Structure formats: structure tokens, C-alpha cells
Amino acid sequence: MRQYLSKRIFSSILAITGLFVMVFFLARLTGDPGHLYLPIDAPLEVRKEFSEKHGFNDPIYIQFGKFLGDLIDGNLGYSLRKERPAIDIVLEAIPVTLSLAAVAMSIALVGAILIGSLAAYRPNGIFDRISRVVSLTAASAPDFWVAITAILIFSVSLGWLPTSGIGGVPYWIMPIGILVIRPLGLLVQVVRGSMITALSSDFVKTARAKGVKEKVVIFKHALRNGLLPVITVAGDQAAAIANGAVIVETIFGWPGIGKLMIDSIMQRDFAVVQASILITAIVILSINIIIDIAYAVLDPRIRHK
Amino acid sequence: MNDAKKSLLKVNNLSVSFDTNEGSFDAVKSINFDLKKGETLAIIGESGSGKSVTASVIMGILTCPPGRIKSGEVLLNDLDILKLSDSDRRKLMGSKIAIIFQDTLSYLNPVFSVGSQIAECFEVHKNLSKKDSWKKAVKLLERVRIPNPSKRAKDFPHQFSGGQRQRVMIAMALALEPDIIIADEPTTALDVTIQAKILELLGELRDERNMGLILITHDLAIAAEISDKVIVLNEGKIVEKGITRDVFINPNHAYTRELMDSIPGKITKQKKKILKKFSDPILEIKNISKFYDTVACDDVSFNLFPNEVLGIVGESGSGKTTVSNLILRLASPSNGKILYHGQNILNFNKKDLFNFRRKVQVVFQDPYASLNPTMNIYDIISEPWVIHSDFLDKKLHKSKVIDLLISVGLHPDDAIKFPHQFSGGQRQRIAIARALALNPEIIICDEAVSALDVSIQAQIIKLLLNLRNKFSLSYIFIAHDLPVVKDLADRVIVMKSGKIIEQGVVDDVFNFPREKYTKDLLKASPSIENLIS
């Protein structure tokens, strides 16, 4: 297991390196930042000076070399726009996104396990049928539309919740609510499927024959076995949110990593783009490693391989 | 009333049906039986006879729906447990009645340690603390003779061997010293020597605690060895019941007699041909070895002669299947030679190997897994001709498929059906038809009848013997069940830990075994002859 994990960590580092090289070159394909930073009628000399100052005139391999050198010094470059180290900007944005993702995923996971398990207990029962329709709807609802409709109802008409910004609990309700919907719908379906299999397993009969209460049969014996596929999907969903809940962050004006990335791409703020990609990549790969560990914790057969 | 005479368990007029889309069908039809303290009742029947359904009703684990208890009562110490509320019922499960299941790998929860699964019984029924329950679990593991119990209690089911897992299951059933233990095919998946030990343990525990034991089995020999009373179930009905010895000596019902006649080791066969010393062997295995992480097969040599049935017996892990894989070239030996008509198949190029494979076919153990569920029978049987396209003209495929189906005892109309529409025995016939498709010289049967009911087993063995004469085949017949090999084989090889330890003509080896291991194997296989004679 330890060997497996160190292998995973090593391959993650390789992946990040590859990603980084790609991002560096692709970002430079989007065009000359000077065109966006300087006034449209800026004289040629000013443009040249700007490019000279930021090193955009050097051949690309020299730029890359410089970039690597800086990277080794722990320097991810300066934001052109904000004139601050890019890494500082990113490190301000990432906790916002991560706390959104953590809260949303926890709610989705706990909710899905409860609803999905109960639905699986009596497949085709009334609870199962209702939860199937609702979860399918939730999994397929477009979040931008839900977000706008929610603002219209809860902020504009009823005036209960603020339309955007960050602050106390009321500010969290709508963004979290909207982030939860889709993973919840999807996870309910995954939990239901894997719990139906787990509940019809032979070891469940053994537990019942021992006189174990139904609650324990479901939430101990079956759930521990049914959780593996759920974790895979939940990890995927968490990674997607961590990657920037772009729509929610934009609509609700949350200064998270998704919004930051979109803004800096629009502004050709290369250093910030690179730094945010590096940090999100590390986050996503960590989520994957956490999933691997969770697998091993849940299932001894994986642990002993 | 005298305590010993009082019934622990009485099943009166029990009927169970299953509601399916095709209508309701009766799985158990008004059966009656009773069980007293210290007594062993064997419930005998083939798959689908209703024996496991009966056990699930007694244990309260019948899945309803589709199952439905139509009538009857199950009296435990005069209390009808079918009328109890779920929570009252639960208090009896595991504490008064416990069950031991067959397939321990799937019946033990894979993600909890065996210690905690046993300890759970005490937590549920006795409200003991985790620590005290654990201590008791360790003691139970020691009682069922798991070596090093305090350490092994922390291990998970997959870390135990099949026999040890069955001991864990028994420990779990024993935990609360129930009055009754139901053992549902407790030894079916186990090697004979381990089976003997498990049965011995069960008998010992029954006597020690004066429990009632219900043994559910399809194996008449096991019932003969361990039970006092027996009931024979067929299609949900009790067709025969009585004292075990009486039933076996003088079976009344035609079905019981049929079962008795199917017991392997009793088929009267035409006098076996004496070894053909003068004909050349088809296959010469010379000193082959195969090393994986361990030694799977070590310096194995033997010959296979034309029209001969060669049995290979041994327990799991003895290297039987490795030998078959090496002959089929599914794996390559680490050392040694395999000569086919004098040519070393290990030096074959692609084309030679292609032609060789035509001559050597295989029938596997699990007829449910070895047929592709998405192909119909016609496609399954004719596929070899698609691969070996020069073998048979496409126009003739249809008539040849029909010929093959008829020769394995199936109907020509079966060609358009799919595997799931057949029973286990029928599927094995299909697998045999497929093996015959390319007119092979050799068919390797790897535990080909192990998964089948006795009466079906006997039919398949007869079929194999007929086909041998009709198509002049040679078989390599791999099995852990010795009586089956005795019925079918001319010569037999006994393997242990990758080595051949004894070989010879079947009657010699079985009647006058030289090696202790062979004697142990023979002694461990249960038989009804001891009871009757």
C-alpha cells in the first residue's frame, strides 16, 4: 500500500510538470498581452518598451528558461494587472473555493447516502420512486438557470437573501444550495445502485440471521461495502467544484479560483493563469490520492494488495 | 414430558411460494418435520428442491416479496416464530437458532475483521462491551481450532482459507450457544479432507452442547455419515422421511432410489480396457515444472494413450489446473517437454499451435460462467468453425450443430436459445458440444461435473463415456471428487503440492493405495457404504 501511494504521488508530480509545460506554451498562443494592457492608440515605442520590460520579446525558449529559473526560486511571477506576486492572489482565492466545495460536497454526500440508502431498502417502493424522479431532475438541472431563478425568487421577490457577495450565513445559502443540487442528484443515484447490490449480498443475510437490527444492517454492513463506487463519483464531483465553481462564483460574485482563472485568462495575465492552474492541479491530484486512501481504509482487500 | 423426547423445532404444514412475472410458483409444498435435542436431521435434495428456502423461512431471512409464506407454522419450543413481531423474532435469531452458510467468501462481510463479526453477536444480544465481546470472539476462534486466534481475529475473511472461513462461520453460529444450528451445504466448496474435519467438528459441537443440527445437503454420502434422521425433498415436497439407515438401506420412493443410483463410485461400467502398452501415447508429458511465486507444478511426467480416460485428483492448490493450462498452452512451463504425437508443442510455431488447439479442447467447471450469455447456442457451438474456417463448409454448419446437439442429448430447437434458458446440466452439455465441434482427440475436463447435482452428474458422466466410444476421444479428467474419478477414469494420477505422488490403474490406486496421502483422501470422502454394510 505504501509503495502504491508513493507511486501515485510520483506520477502526480510528473503529471503536474507536464501540465505546467503545456500551460506555459498554450497561454502564449492567446496573443500579445500588450494589446490588452496598453491603450489602443499606444505608440509603437511604448509597445516595444512594454514587451521588452516583461520579456515578451525574447524567444519563447528563453522565456521558458527564465520561468523555470523563477519557479525553482519559488517565484511564480508577478501579476501584470495587480502588480503583486501571482501566488499571493491565487492563495487568497483558493480557500474561498475550497470552503465552498467542502461544505457543498459534505452536504451532498450525507444527503445522498441517507436518501439513496433508504430508496435502495425498498426498490420501487414509494420513497424510491419519488427520490428517483427528484434526483434525476436535480442531476440534470442547468445550474446557471437555477442560480438566476433562485436570485429572482429569494432575493428580488422575497428579499430574504442577498443577491451576491461574501459574508455571514445568508450569503452562503444560495451558492451552496446551487452547488449541492447536481452532485446530490447524481450521488443519490449512485448510492441507490450500489446499495441495492450491497443489500442483496449474501453477507447481509448473515447479519440478519445474527439478529442484527435493520438500521445496523443498512448503515453498517451494507453501506461500508456500497460506499466504494460512491467515493469515486464524489471525488470526481469534488474535483470539478475545486476546479472552480465558475458559474456560481461569477453569478454570486465570490472571489474564488474559478472566477480568478477566467478573469486572468481574459486579461492575458499569464503569471496568474499559471499559478492558479498549478495550485488547482495540486488540489485535484490531492483529492485523487485522498480517494485512493479512502478506498484502502474502507476495503481491506485493497489494503492487502 | 421427558426433555430428550420433546421437539426443539417443529415445522407443520409449511408452504412457500414465489410470485414472479410468470405467475406464482410453489417452492415448498406443505412439509412437516421435527427436530429433537442432540439430533441431526439431514434435508436432502437437489437444486430447486426447496431445501434452502425452508432454511430461510426458519431463519426469517426469506426475501418477501417475491417469497411468500402461504401456510404453516414453525414452532420453536412450542412458540410459533412466524407469528412473532420483527423485533421479537430478531431476539431469537443467532441466539436460539443460528445458521452456517455454504459460500463463506460471500456470506462473511469482506470489510470487517472476522473477530468483529463474531463479536457482533454478543453486542447485539447480550449488550456486552466491545472489549468483552472481542475476548469471547477470540475464545470461540480457539474453540473451532483457528491457530493463533488472538492475532487472526483481526484478519479479514479473504485472508483465510476456505476451510478456516467455514470454521469462522461455525464460531459465529456457536457464539450464543443456540439450541439449533442449521448448516446449509457447509462443506460443498471444500476439499474432501477439510470437509471431513468440518463435519467432525460439527458433530463434536453438537454432542458437546446437545444442540439440534439441521444439515442441508445434496450429497447423500455426507447425510449418511452424520445424520440420525433424513428427509428427501423433491420439487418442494417431502418424498421420503425416516431414520437415516432405514432410508438408505431400503428407499421407498423412486426419486430416492434414483438419487442413490446416481451416487458416483457405483456406476457399473464395461470392463476397463487394459493399458495399451503397445499403442503410442498421444501426449507425453516429460518433467514439466511451472514456477509462479510458488512452485505450481514440479517435475510432472505422464502419458496419455488413445481412447483413454486419465483422472487427475488432488486438493485445491495441488497443481491440477496448472497441468491442464500447460497442456492447453495457456501458460508455458518453466522446464520440461510436452510431446504431441512425438512433437514438442513448446516448439510449435503459430500455425502448428493453431492446428494443435483444434485437437485439444476443454470443458470448464462453471457452466454459468463459461458460456457467453449474449450468444445463442448456435453461435456458441459454431464459433470454432468460424475461427478454424477451413474445417467445415459454412453451408454445413447448421446440420452439424443439430448433430452435435443430438449427440449430447439436447433438442435441435435449442440452437436458437440463449444460455440463461438452460439448467446447469444442460449448459454443461452445450459446453461439451462446443468442445466436440472440431473433432478433437483430447478433451480436458477441469472439474467439469463438480458444480452439478448428483443425478445430473451421473448423466454427464454417462454422456462422456458414450462420447468417448463414439468419437474415440481421450479425456484428461481433473476432479477433487474421488468417486467421480473412479466411475470415469481408466488410470489416475494423484497430485499433491505440484508433484505426482501416486499413479496407476484406477482400481489398483483406489483399492490398494500406497501413499498415506491417497489413503487420507480416500478415507476422507464420505460414503454410504459404511452405513449400510
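Since the model is a prediction, treat every value here as computed from it, not as a measurement.

Quick look at the overall build of chain A
- Across its full length, chain A carries 14 helices and zero strands.
- Written out in order from the N terminus, the α and β elements of chain A read α-α-α-α-α-α-α-α-α-α-α-α-α-α.
- By principal-axis analysis of the C-alpha atoms, chain A measures approximately 85 × 55 × 30 Å.
- Contacts spanning at least 24 positions in sequence make up 74% of the contacts within chain A whose residues lie at least 6 apart.

Section: the interface of chain B and chain A
- In this complex, chain B contributes 24 residues to the contact, which on the side of chain A involves 19 residues.
- Of all the secondary structure elements, the ones that give two or more residues to the side of chain B that touches chain A are helix H2 (86–92), strand S6 (97–100), helix H3 (104–107) and helix H4 (114–126) of chain B.
- Counting residues per element, the side of chain B that touches chain A draws most heavily on H4 of chain B, which supplies four residues.
- Across the side of chain B that touches chain A, the residue classes break down as 13 nonpolar, seven polar and four charged.

A short note on the domain arrangement of chain A
All names here are of chain A.
- We note that the domain assignment places domain 1 (2–72) and domain 2 (86–303) within chain A.
- Each of domain 1 and domain 2 was reduced to a C-alpha centroid, and the two centroids are 33 Å apart.
- Taken residue by residue, the interface counts 15 residues in domain 1 and twelve residues in domain 2.
- Sort the elements by how many residues they give to the side of domain 1 that touches domain 2 and helix H1 (residues 2–28) lands first, with eleven residues.

Some words on the sheet that holds strand S2 (residues 23–36) of chain B
Residues and elements named next belong to chain B.
- Pairing is antiparallel across the open sheet formed by four strands, whose spatial order is S2-S1-S4-S5. Each edge of the open sheet carries a strand with a single partner, namely S2 and strand S5 (79–80).
- With two bridges joining them, strand S4 (residues 67–76) and S5 adopt antiparallel strand pairing. By the bridge assignment for S5, Leu76 is matched with Leu79.
- The strands that helix H1 (residues 51–59) touches are strand S1 (7–20), S2 and S4; relative to S2, the one it contacts most, it runs at about 70°.

Points about the pairing of strand S9 (residues 229–234) of chain B
All names here are of chain B.
- Counting buried residues in S9 gives six out of six residues, a clear majority hidden from the surface.
- On S9, burial covers both faces: Lys229, Ile231 and Leu233 on one face and Val230, Val232 and Asn234 on the other are all buried.
- The pairing of strand S3 (residues 40–44) with S9 spans four bridges and is classified as parallel. Across the sheet, Leu41 pairs through a bridge with Lys229, a residue of S9.
- Direction of pairing for S9 relative to strand S10 (residues 237–243): antiparallel, over a ladder of six bridges. Each residue of the ladder has a partner; that of Lys229, found in S10, is Ile243.

Here is what the cut-offs are and how they apply
- Residues numbered from 1 in each chain as written.
- Chains lettered and ligands numbered in written order.
- Predicted model: local features only at pLDDT ≥ 70, side-chain atom pairs only at ≥ 80, totals over all residues.
- Helix = DSSP H or I, 4+ residues; strand = E, 2+ residues; numbered from the N terminus.
- Contact = placed C-beta atoms within 7 Å.
- Nonpolar A, V, L, I, M, F, W, Y, C, P; charged D, E, K, R; others polar.
- Domains from an automatic or database assignment.
- Pairing = 2+ DSSP bridges.
- Axes fitted to C-alpha atoms, helices over the stretch in contact; angles between N-to-C directions.
- Buried ≥ 20, exposed ≤ 12 C-beta atoms within 10 Å, placed from the backbone.

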